[in-house]
Amino acid sequence: MFDTSHAAAALAEVIGTLVLLAGVVGALEVVLYLIFVRWRKARLGLPIMLVAPAVVGLLLLYVYPLLWELNVSFTKMSLRNFVIPGFLGLTGTKDIFFGLQNYINVFTLPVLKETSFYQLFGQTVLWTVINVFFHVTGGIALALLMNRKLRGRNFYRAMLILPWAIPSLISLQIWRTEYNQQFGAVNQLLGLAGIPAVPWLSDNVWNFVAMIITNVWLGIPFMMVITLGGLQSISHEYYEAAEIDGASSRDSFRSITLPLLRPVLIPAILLGTFLTFNNITVPFFINQNRLETSDILVTGLFRAAFEYNRYGFAAAFAFVIFVILLVFTILYVRTTNALKGAYE
Amino acid sequence: MSAELPQASGLARTTSGGRRAFGRPRRGEDGPVKRTLVHAALLISSLIAVFPVIRVLGVALRPGDQLLDPNFSIIPKDATMAAFQHVVFETPMFQWLFNSLLITLGTATIGLIFAATSAYAFSRYRFRGRGLGLTFLFATQMIPGIMLLVPIYLLAVQFGLVSTYRGLVIAYSVTSIPFSVWILKGYYDTVPIDLEEAARIDGCSEIEAFRRVLLPLSLPALAIVFLFNFLAAWGEFFTASVLIGSKEALLTWPLGIQRFQAQFQTQWADLSAAAIIISIPVVIMFIYTSKYLVSGLTLGGVKG
């Protein structure tokens, strides 16, 4: 069924948005042009005009929400105390100031119904390390296999990239059904090997394993594509020179391939870590938001905010999660020099 | 070209016809045993990658009474297109797809324009706050997306943007900017500035040099960024569910297909048929552009 009046309304709305944005951005640019280019004759007039729309957007959709969250993290705001918080909950219609108590509660009380912060943190570390490890090793292995004269290369590439190409919501629905204890393909295959049915969806440990299997399947193609790009940029002459010097293929892998892949892999691993650590889609849809005990930090955060509606607490929890990733990133960037050249 | 080079062993020379008698095979031309092993490994990996797709096809073609039949045949007995017919003619599937397509195209275009211009400023100019700006853009990637949902929702309520596409399009466009700027800036950095300077000497203005010289040269990266933003918005669920909610006429497909999964009884065949219809265009586009993908991503990555 395709309702043309609905479609027309939707089309009008999207076009309206584009026109609205064009108008706002156009007005902004004219003002900036008059101020910086005409009046001040600033050397940086053009770059100011170029970044302005993005800056306004980011202020509105990142900076303001972050400040709002920071403010709310010091209050008792929740569904019961659903008031405009004002400054730190002090200037609103009701005094809901909570000081640092939310931050203390993150570490001392269960963050969900029973699950503690430490359990979620441990599971998140495990989740991230296992996933990124298999993404990288699997990606490198497949890229090495593909990086040669090979009949059917394009066929393999198309097949192997499929998990990335399929919209993840779709593949997650598929995986979820295949984990069905009685009818799912996973247990049927295990059954063929004589292994008894595994409770993928009802036991928290197996549920966690199911999430990891799914996410490993989902994430390998990205690393494979990145690595393949890196491998193809390595000149053959290095390998030929190494062969002349009598290096074995293992030697060349260790002293040519890996070091030259480094500049490609180091940022990719960091990006992969961000995406995995903050991945809410896979745990959310494999678990269908049921078992609390197989959650990771971000799915826990989702529950705290949208299931238990503890907005103040969820805000504090979110900042704790953000800081964990920030500290990791700073250490990673320091030791690997991952952002070398980016600021030049 | 490499046929003349000495072998690694130094002794096993190439015999006539470019075939080697013994010795280690040259890089890129494996021996028969190795070649078989490589194919076997790739075949198994491909099978794992494709397996869920094959299964879903089988489920979509099953008649209603065999849905929960544990059976692995790809084309089931009594295969039927009933589920496809039902999904196409009796559910608003194409409505959802149309909505998603509109939003996604709008978003990817706006996001690309903002990112392309900002990245130019970050790549070609030195100004106060530039380092801070880049760090901020990078740091946004560490923020758990869920964190911003509550304030963005409240902001949307304030501006009357809930249950409209305006809020969603703006939210998607802006959230795509940071990653896009990083990729594009990395790419611009690899394009020699001399080209733009030459254009300036020939009388181009700054903005013309950007538009006529740098932008055309950056086409691969722009395409990648467009594709990425397209895909990110195409499959997005959480922001859409908060900003659109359950307003029937406005549902995007990620919200729509949840309807197939009623609380107690999942409509497996419908879900599978919908999954296939939704996936096919994206998968074709993705596989078609996958060669492009390699070059665009790597260049962004090399510069950090």
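Here the structure is a predicted model, which means the values were calculated and not measured. For every chain, the first residue of the written sequence is number 1, and numbering continues from 1 onward in sequence order. Each chain takes a letter, starting from A, and each ligand takes a number, starting from 1, following the order in which they are written. The predicted nature of this model means local features are confined to residues of pLDDT at least 70 and side-chain atom pairs, given and counted, to a pLDDT of 80 or more, with totals for whole chains, interfaces and linings taken over all residues.

Draft legend 1. Broad picture of the overall build of chain A. Within chain A, the regular secondary structure consists of 13 helices and zero strands. Going residue by residue from the N terminus, the α and β elements of chain A occur as α-α-α-α-α-α-α-α-α-α-α-α-α. Expected size for 344 residues packed as a compact globule is a radius of gyration near 20 Å; at 26 Å, chain A overshoots this value by more than 25%. Seen through its C-alpha atoms, chain A measures out along the principal axes to roughly 75 × 65 × 55 Å. Any residue with 12 or fewer other C-beta atoms within 10 Å of its own C-beta is exposed, any with 20 or more is buried, and the rest are partly exposed; the C-beta atoms used are placed from the backbone. Considering chain A as a whole, with its 344 residues, one finds that 44% of them fall into the buried category. For the purpose of contact definition, each residue receives a C-beta atom placed from its backbone, and two residues are in contact when these atoms lie within 7 Å. At a minimum sequence separation of 6, the contacts of chain A that also span at least 24 residues come to 60%. Counting from the N terminus, the helices are the DSSP runs of H or I reaching at least four residues and the strands are the DSSP runs of E reaching at least two. Computation of the radius of gyration draws on C-alpha atoms, with the globule rule given as 2.2 Å multiplied by the number of residues to the power 0.38.

Draft legend 2. Spotlight on the overall build of chain B. Regarding its fold elements, chain B presents twelve helices and zero strands. Ordered by position in the sequence, the α and β elements of chain B form the string α-α-α-α-α-α-α-α-α-α-α-α. The buried share among the 304 residues of chain B stands at 43%. Residue pairs at least 24 apart in sequence account for 71% of intrachain contacts in chain B once pairs closer than 6 positions are excluded.

Draft legend 3. Structural context of unusual backbone geometry. With a phi angle near 45 degrees, K41 of chain A is a residue other than glycine that sits in the positive phi range. Residue class for K41 of chain A comes out exposed when judged on the 8 C-beta atoms lying within 10 Å of it. Positive phi, normally seen in glycine, also occurs at S163 of chain B, with a value near 60 degrees. Counting through the fold element by element, S163 of chain B comes out in the loop between helix 5 (149–158) and helix 6 (165–190). Judged by the 15 C-beta atoms lying within 10 Å of it, S163 of chain B falls in the partly exposed class.

Draft legend 4. The arrangement of the domain arrangement of chain B in detail. All names here are of chain B. As assigned here, chain B comprises domain 1 (22–80) and domain 2 (91–302). Contacts between the two partners involve seven residues from domain 1, matched on the other side by six residues from domain 2. Among the residues forming the side of domain 1 that touches domain 2, the class breakdown is five nonpolar, one polar and one charged. Domain ranges listed in this record stem from an automatic or a database domain assignment. For this scheme, ten residues count as nonpolar: Ala, Val, Leu, Ile, Met, Phe, Trp, Tyr, Cys and Pro. Four count as charged, namely Asp, Glu, Lys and Arg, and the remainder, Gly too, count as polar.

Draft legend 5. Representation of the interface of chain A and chain B within the structure. Each side of the interface is counted separately: chain A has 94 residues, and chain B has 90 residues. Here the side of chain A that touches chain B is composed, by residue class, of 67 nonpolar, 17 polar and ten charged.

Draft legend 6. How the structure looks around the packing of helix 7 (residues 194–201) of chain B against helix 8 (residues 206–217) of chain B. Residues and elements named next belong to chain B. Between N-to-C directions, angles cover 0 to 180 degrees, with each direction set by a line fitted to C-alpha atoms, over the stretch in contact for helices. One way to put it is that helix 7 packs onto helix 8 with a least axis distance of 9 Å and a crossing angle of 135 degrees. When the interaxial angle is binned, helix 7 and helix 8 end up oblique. As helix 7 packs across helix 8, the resulting crossing turns out to be right-handed. The segment helix 7 lies against helix 8, with L195, E196, A199 and R200 engaging A209, R212, V213 and L214. In this scheme, roughly parallel covers angles under 35 degrees and roughly antiparallel covers those over 145, while 65 to 115 is roughly perpendicular and the rest are oblique. Put simply, a crossing is left-handed when the front helix is turned counterclockwise from the back one by less than a right angle, and right-handed when it is turned clockwise.

Draft legend 7. Examining the nonpolar core more closely. By size, the foremost hydrophobic cluster in this structure holds 170 residues, and its most contacted members are L301 and F317 of chain A together with L184 and V225 of chain B. At 15 residues, the largest contribution of residues to this core is made by helix 6 of chain B. Leaving out residues up to four positions away in the same chain, L184 of chain B has contacts with A115, A116, A119, S218, A221 and V225 of chain B. Throughout this description, the term nonpolar core refers to a group of buried Ala, Val, Leu, Ile, Met, Phe, Trp, Tyr and Cys residues whose C-beta atoms join them within 7 Å.

Draft legend 8. Focus on the packing of helix 5 (residues 153–165) of chain A against helix 8 (residues 204–232) of chain A. Residue and element names in this part refer to chain A. Put simply, helix 5 and helix 8 touch, their axes get as near as 7 Å, and they point 120 degrees apart. Regarding the angle of helix 5 to helix 8, the classification is oblique. Seen from above, helix 5 lies across helix 8 with left-handed handedness. Two secondary-structure elements touch here, helix 5 through L160, I161, P163 and W164 and helix 8 through W217, L218, P221, F222, M224 and V225. Its residues assigned to classes, the contact of helix 5 with helix 8 shows ten nonpolar, no polar and no charged.

Draft legend 9. Summary view of the environment of G246 of chain A. All names here are of chain A. Mapped onto the secondary structure, G246 falls in the loop between helix 9 (236–244) and helix 10 (249–277). Since 10 C-beta atoms lie within 10 Å of it, G246 is described here as exposed. In the structure, G246 is positioned 48 residues away from V198 in sequence and 51 Å away in space, judged by C-alpha atoms.

Draft legend 10. The confidence of the model for chain B, seen in detail. Residue and element names in this part refer to chain B. Confidence scores per residue from the predictor, reported as pLDDT, run from 0 to 100. When the pLDDT values of chain B are averaged, the result is 80; 81% of them are 70 or greater. Here helix 12 (residues 268–302) is the element of chain B with the lowest mean pLDDT, 74, and helix 3 (residues 93–124) is the one with the highest, 93. Segment residues 1–25: pLDDT under 50, and 24 contacts once partners within four positions in sequence are set aside and those in other chains are kept. Counted against residues more than four places away or in other chains, residues 299–304, with its pLDDT under 50, gives 26 contacts. Per the prediction output, this complex has pTM 0.87; the corresponding ipTM is 0.88.

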